[in-house]
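Examination of the molecular architecture
What follows is the residue order along each chain.
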Amino acid sequence: MEIKRTYEMSVATDRRYTIHRSTLGEQMDCSECRSAMITAAHAAVMFGVSQRTIFRHIEANLIHFAEIVSGAVMVCLPSLRDAIDRFPATRQLGE
């Protein structure tokens, strides 16, 4: 007689990001919510999504953003986090 066992495992994670502002590079706060903003490239790495995903959220008016003089796009961290949490399928790289 063969005994079969099934195991179920649940894992919960929580991420915390610390952003240290330096005297180098562009720094700005979101004009809508006064939170820190970072470049779209840095945000993509931080959240594990492609830059294209971030630009799609910008085009859909889901996140706060600003374009700076150098041409870089700055994104608001809390609004990006909320958009990614609302649409978890966008967390995959390599779209």
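To start, this report covers the structure provided alongside it. (Residues numbered from 1 in each chain as written. Predicted model: local features only at pLDDT ≥ 70, side-chain atom pairs only at ≥ 80, totals over all residues. Heavy atoms only, no water.)

**A word on the sheet that holds strand 2 (residues 65-67)**
In plain terms, the rule: Whether two strands pair comes down to DSSP finding at least two bridges between them. Here a strand is any run of E in DSSP of at least two residues, a helix any run of H or I of at least four, and the numbering for each starts at the N terminus. Fitted lines through C-alpha atoms give the axes, limited to the stretch in contact for helices. The angle between two N-to-C directions lies from 0 to 180 degrees.
Strand order in the open sheet formed by three strands is 1-3-2, and the pairing between neighbours is antiparallel. What marks the edges here is a single partner per strand, and that holds for strand 1 (37-39) and strand 2. Averaged over all pairs of adjacent strands, the angle between strand axes in this sheet comes to 30°, irrespective of strand direction. In this sheet, strand 3 (residues 73-76) lies alongside strand 2 in antiparallel orientation, the contact comprising three bridges. Counterpart to Phe65 in the pairing with strand 3 is Val75.

**Thoughts on the side chain of Ser35**
Note the cut-off: Working definition: with a 1.4 Å probe on protein chains only, accessible area under 20% of the residue-type maximum means buried, over 50% means exposed, and in between means partly exposed. Residues are treated as being in contact if the distance between any of their heavy atoms lies within 4.5 Å.
Structurally, the position occupied by Ser35 is in the segment before strand 1. Judged by relative accessible area, which is 18%, Ser35 ranks as buried. Sequence-distant contacts of Ser35, defined by excluding residues within four places in its chain, comprise Met28, Asp29, Cys30, Cys76 and Pro78.

**Quick notes on the environment of Ala40**
Within the element layout of this structure, Ala40 appears in helix 1 (residues 40-47). Owing to a relative accessible area of 4%, Ala40 belongs among the buried residues under this scheme. Apart from the residues lying within four places of it in its own chain, the contact partners of Ala40 are Gln51, Ile54, Phe55, Val73 and Val75.

**Some points on the pattern of salt bridges**
Put simply, the rule is: Counted as salt bridges are all cases of a side-chain nitrogen of Lys or Arg within 4 Å of a carboxyl oxygen of Asp or Glu.
Counted under the stated rule, the structure contains two salt bridges. Close ionic contact of Glu59 with Arg52 constitutes a salt bridge, the shortest N to O distance being 3.2 Å.

**Some words on the nonpolar core**
Our working definition: The nonpolar core is taken to be a set of buried Ala, Val, Leu, Ile, Met, Phe, Trp, Tyr and Cys residues, with the residues joined through side-chain atoms within 4.5 Å.
Within the largest apolar cluster, 15 residues are counted, with the highest numbers of intra-cluster contacts made by Ala43, Phe47, Ile54, Ile58, Ile63, Val75 and Leu80. Going through the elements one at a time, helix 1, helix 2 (51-59), strand 3 and helix 3 (77-86) are the ones with two or more residues in this core. Leaving out residues up to four positions away in the same chain, Leu80 has contacts with Ala43, Phe47, Ile54, His57, Ile63 and Val75. Counting residues in each nonpolar core, the second largest holds six residues, with Cys30, Met37, Ala66 and Ile68 among its members.

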